[in-house]
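A closer look at the structure
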Amino acid sequence: MTSKIPNVMKAVRVNEFGGPNVLRVETDVPVPKHTETQVVIKVGSAGVNPVDTYIRMGLFANLPPLPYIPGRDGAGRVVEVGSKVQTLKPGDRVFFSGASGSYAEYVSCEAHSVFPLSNRLSFSQGAALGVPYFTAYRALFIKGGAKPAEKVLVHGASGAVGLAVTQWARANGNVVVGTAGTQQGMDLVKKNGALFVFNHREKGYLEKAAEAVGGEGFDVIIENASDINLGSDLTVIGPRARIIVVGNRGNVEISPRFLMTEEASIIGCALFRSTPAEWKETAAAVISGVETGYLVPVIDKDYQMEAVQDAHANVLSHEGGARGKLVLAISDE
């Protein structure tokens, strides 16, 4: 089933790996075709994720052939549907994750990675659901096994993944403690469900965080900067604690004795390792959380496509402190 779409489109393309300056907006890029199991989506907004920058720099394990269009996440409307797709139709408002090339006016995507977008959310918010919320669910529940009443520490809680974890942990009945680097970020974390929030730039913040929840240690720690925090995390864990490594940019030295004493675990979390069953479970949980109202993506800034270089620079530097999700505005809703 098809509808009229142009043959060429505007898109961001990378012709060589490197810094943000290799991101170029081109206006004569062929519109992607779909297979029988795919749909074509007119993109309203595209999510900007740290992994997009690693791929752009050539530092990712599986690199796309050049030239390529960056981006995995986004939201928009379905315009074409493959012959074997039964769950979607042209005109549907959707969000998607796992596409190849969402920094464009049109993108093709496997139907199993395309999901209905609630009228509660804008395209910008829909573009913030994929990597952040899927990663948050995997970290907190599939890998972390968080149970109600357990104490959860979220490092970097004012970022997109951190806010998603905070919202979910609060809804799950956890005692949530978050960290951020600015007062504005701390206020945002508090507003999104954390019982206590501490400034990770202040000396002794981790000890104060542990004392705030009784001093017996955290059950789950979501670690977005393990190369900075992992060693000190081990000093505030409780019995059988789980530290979930979501982010890392370097090496770190730790003392395994803390793990021995508390019989605790350090567990890696990589979204691409999701099984089909886990992907389906996660998507259902995200959709339910949005419809119920306890998952509400926070947008830090909308960038026009022409400002994509700034977006890539800021998603890693967190200029002014992280305060939610960065997205590219592609087309009007």
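Residues numbered from 1 in each chain as written. Predicted model: local features only at pLDDT ≥ 70, side-chain atom pairs only at ≥ 80, totals over all residues. Heavy atoms only, no water.

1. What to know about the overall build of the protein
Scanning the protein from N- to C-terminus turns up ten helices and 15 strands. Since a compact globule built from 333 residues should have a radius of gyration of about 20 Å, the 20 Å found for the protein is in line with a globular shape. With respect to the principal axes defined by its C-alpha atoms, the protein has extents near 60 × 40 × 35 Å. Looking at the 333 residues of the protein, the share that counts as buried comes to 54%. Counting only contacts in the protein whose residues sit at least 6 apart along the sequence, the fraction spanning at least 24 positions is 67%. In the structure as shown, the protein presents an accessible area of about 14,900 Å², 51% of it carried by carbon and sulfur atoms. In the protein, 32 side chains carry a positive charge and 33 a negative one; their mean positions are 3 Å apart. (Helix = DSSP H or I, 4+ residues; strand = E, 2+ residues; numbered from the N terminus. Rg over C-alpha atoms; globule rule 2.2 N^0.38 Å. Buried < 20%, exposed > 50% of the residue type's maximum accessible area, 1.4 Å probe, protein only. Contact = heavy atoms within 4.5 Å. Areas by Shrake-Rupley, 256 points an atom, 1.4 Å probe, with all protein chains shown as cover. Lys, Arg positive; Asp, Glu negative; His and termini not counted. Charge placed at Lys NZ, Arg CZ, Asp CG, Glu CD.)

2. Observations concerning the packing of aromatic side chains
Tallied over the full model, the rule gives eight aromatic pairs. Ring centres 5.2 Å apart and planes at 40° place the aromatic pair F95 and F115 in the tilted group. Residue F95 is found in strand β5 (residues 93-97), and its partner F115 is found in strand β7 (residues 114-116); the two are separated by 20 residues along the sequence. Comparing F95 with F115, the two get one shared label, buried. Ring centres of Y133 and W168 lie 6.2 Å apart, and the angle between their planes is 55°; on these two criteria the pair is classed as tilted. In this pair, Y133 sits in helix α3 (residues 130-143) while W168 sits in helix α4 (residues 160-171), placing the two residues 35 residues apart along the sequence. By relative accessible area, Y133 is classed as buried at 3%. (Phe/Tyr/Trp six-rings, centres within 6.5 Å; stacked < 30°, edge-to-face > 60°.)

3. Considering the nonpolar core
One recurring pattern in soluble globular proteins is that nonpolar side chains are buried together. Formed by 43 residues in total, the largest nonpolar core has its most connected members in F95, L129, F134, L140, W168 and V286. By residue number, the principal contributor to this core is α3, which donates eight residues. Within the second largest apolar cluster, 42 residues are counted, among which are F96, Y103, C109 and V114. (Core = buried A, V, L, I, M, F, W, Y, C linked by side-chain atoms within 4.5 Å.)

4. A word on the pattern of salt bridges
Under the defined criterion, the tally for this structure stands at seven salt bridges. For E278, the salt bridge goes to R138, with nearest N and O atoms at 2.8 Å. Within this pair, whereas E278 is found in helix α9 (residues 276-292), its partner R138 is found in helix α3, the two being separated by 140 residues in sequence. Classification of E278 as buried rests on a relative accessible area of 19%. On the basis of relative accessibility, which here comes to 3%, the residue R138 falls in the buried class. (Salt bridge = Lys/Arg side-chain N within 4 Å of Asp/Glu carboxyl O.)

5. Examining the packing of α3 against α9
Interaxial distance between α3 and α9 falls to 10 Å at its minimum, and their mutual angle equals 110°. When the axis of α3 is compared with that of α9, the two are roughly perpendicular. Only E278, W279, E281, T282, A283, A285 and V286 of α9 make contact with α3, whose side of the interface consists of Y133, F134, Y137, R138 and I142. Of the residues in the contact of α3 with α9, the class split is eight nonpolar, one polar and three charged. (Axes fitted to C-alpha atoms, helices over the stretch in contact; angles between N-to-C directions. Parallel < 35°, antiparallel > 145°, perpendicular 65-115°, else oblique. Nonpolar A, V, L, I, M, F, W, Y, C, P; charged D, E, K, R; others polar.)

6. What about the environment of E306?
When you line up the elements, E306 lands in the loop between β14 (299-304) and α10 (308-317). Separated by 281 residues in sequence, E306 and V25 place their C-alpha atoms 6.4 Å apart. With near-sequence residues (within four places) excluded, E306 lies in contact with K10 and V25.

7. Considerations on the sheet that holds strand β10 (residues 196-199)
A sheet is described by the order of its strands in space; here six strands give the open sequence β10-β9-β8-β11-β12-β13, paired in parallel fashion. Bordering the open sheet on either side are β10 and β13 (265-268), each of which pairs with just one other strand. Sheet twist, expressed as the mean angle between neighbouring strand axes with direction ignored, is 20°. In this sheet, strand β9 (residues 175-180) lies alongside strand β8 (residues 151-154) in parallel orientation, the contact comprising four bridges. Residue pairing for β9: V154 is matched across the bridge by G178. In the packing of helix α6 (residues 205-212) onto the sheet, the strands contacted are β8, β9, β10 and β11 (218-223), and the crossing angle to β10 comes to about 170°. (Pairing = 2+ DSSP bridges.)

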